[in-house]
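So you can see what is in the structure, the chains are spelled out below.
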Amino acid sequence: MHAPSPPRPAVWRALGLGAVFLLVAATAAIALISSGRLDPRLPGPLQAELGPQTVEIGAEEATLLWQEVALPEPPYSVRLRATSSGAETVAYGLALGGPDGYLAVVISPAGYRSVSLQRAGAGEEVLLWHAPLGDALPRAIEIQVDVREDGTATVCVARETIWEGEWPGTGRQVGLLARGEGGAATVVFEAVELFGRSEL
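Residues numbered from 1 in each chain as written. Predicted model: local features only at pLDDT ≥ 70, side-chain atom pairs only at ≥ 80, totals over all residues. Heavy atoms only, no water.

Trainee: Just checking my understanding: could you explain the overall build of the protein for this structure?
Mentor: Helix and strand counts for the protein stand at 1 helix and 13 strands. Counting only residues that meet the buried cut, the protein has 42% of its 200 residues in that class. Of all intrachain contacts in the protein linking residues separated by at least 6 positions in sequence, the fraction that spans at least 24 positions is 66%. On the protein, roughly 11100 Å² of surface is accessible, and the fraction owed to carbon and sulfur atoms is 57%. (Helix = DSSP H or I, 4+ residues; strand = E, 2+ residues; numbered from the N terminus. Buried < 20%, exposed > 50% of the residue type's maximum accessible area, 1.4 Å probe, protein only. Contact = heavy atoms within 4.5 Å. Areas by Shrake-Rupley, 256 points an atom, 1.4 Å probe, with all protein chains shown as cover.)

Trainee: Is there a simple way to think about the nonpolar core in this case?
Mentor: For soluble globular proteins, nonpolar side chains are generally found buried alongside one another. If you look at the biggest cluster of nonpolar residues, it comprises 38 residues, and the most contacted ones within it are Tyr92, Leu94, Val145 and Phe189. For this core, the element with the highest residue contribution is strand E13 (residues 185-196), accounting for 5 residues. In this structure, Tyr102, Ala104, Val106 and Leu177 belong to the second largest nonpolar core, which totals 6 residues. (Core = buried A, V, L, I, M, F, W, Y, C linked by side-chain atoms within 4.5 Å.)

Trainee: What exactly am I supposed to notice about the environment of Pro52 here?
Mentor: By the element assignment, Pro52 lies in the loop between strand E1 (46-50) and strand E2 (53-57). As a C-alpha pair, Pro52 and Arg81 span 29 residues in sequence and 9.4 Å in three-dimensional space. In contact with Pro52, other than residues within four places in its own chain, are Phe189 and Glu190.

Trainee: Please explain the packing of aromatic side chains as it appears in this structure.
Mentor: For any pair of aromatic rings, the description rests on two quantities: the centre-to-centre distance and the angle between the ring planes. Applying the stated criterion across every chain yields a total of 1 aromatic pair. Ring centres of Trp66 and Tyr102 lie 5.5 Å apart, and the angle between their planes is 75°; on these two criteria the pair is classed as edge-to-face. Pair noted here: Trp66 is in strand E3 (residues 62-70) and Tyr102 is in strand E6 (residues 101-107), with a separation of 36 residues, a long-range link. Take Tyr102: its relative accessible area is 14%, and that puts it in the buried class. (Phe/Tyr/Trp six-rings, centres within 6.5 Å; stacked < 30°, edge-to-face > 60°.)

Trainee: What is the right way to look at the confidence of the model for the protein in this model?
Mentor: Atom-level detail of predicted coordinates should not be read off regions where pLDDT is low. Of all residues in the protein, 76% attain a pLDDT of 70 or more, and the chain-wide mean is 82. Scored below 50 in pLDDT, residues 31-38 shows 3 contacts in the model against residues more than four places distant or in partner chains. (pLDDT = per-residue confidence, 0-100.)

Trainee: Hey, could you run me through the pairing of strand E4 (residues 76-86) in this one?
Mentor: When a strand is regular, its side chains alternate between the sheet's two faces. E4 sits mainly inside the fold: 8 of its 11 residues count as buried. Summarising the sheet, E4 and strand E9 (residues 141-147) pair through 7 bridges and their orientation is antiparallel. Note that in E9 the partner of Ala82 across the bridge is Ile141. In the sheet, E4 pairs with E13 via 11 bridges, with the strands oriented antiparallel. Among the inter-strand pairings, Tyr76 is bridged to a residue of E13, identified as Gly196. (Pairing = 2+ DSSP bridges.)

Written out as structure tokens, the structure reads:
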């Protein structure tokens, strides 16, 4: 019985080249992600920024805080950075529109995410997209909504697109919302940034 012959030099050379290629590709991917070139594109420079706001929310309580800053004309982007402590089932997020009707983007550290149209005057909610409880989300989260001139919008959570569709806009206000579902919690809305081409 013959012993297996050692790999030929050409095989070792191919394996070495493959390893080098994988290393170069991984380095290029990391550099591309770090550079921000894969992040959602912004329609213009920073127009306004709101500082930190802390909301204490009790179990089964809900709050919606409309801000004084007005949304610019499309195209524009609104970016929220927020974090929470306390009950993992607390839900918080961003509202765009006004008291009579708004687009709501809500997340929970327990994994729930939703995009909905709220018609407050009619007491109606139209759920556009949602993901039930699943993989937990980090406590610190980023939500970005991009609104275009053609009446469409894109919603990203943690730089990942979760919904895209028609939303002509129903108002010019920005709201911060929180719901204490299942227990008391603290939500810190760290920053709200507005980007666009037109001045506010």
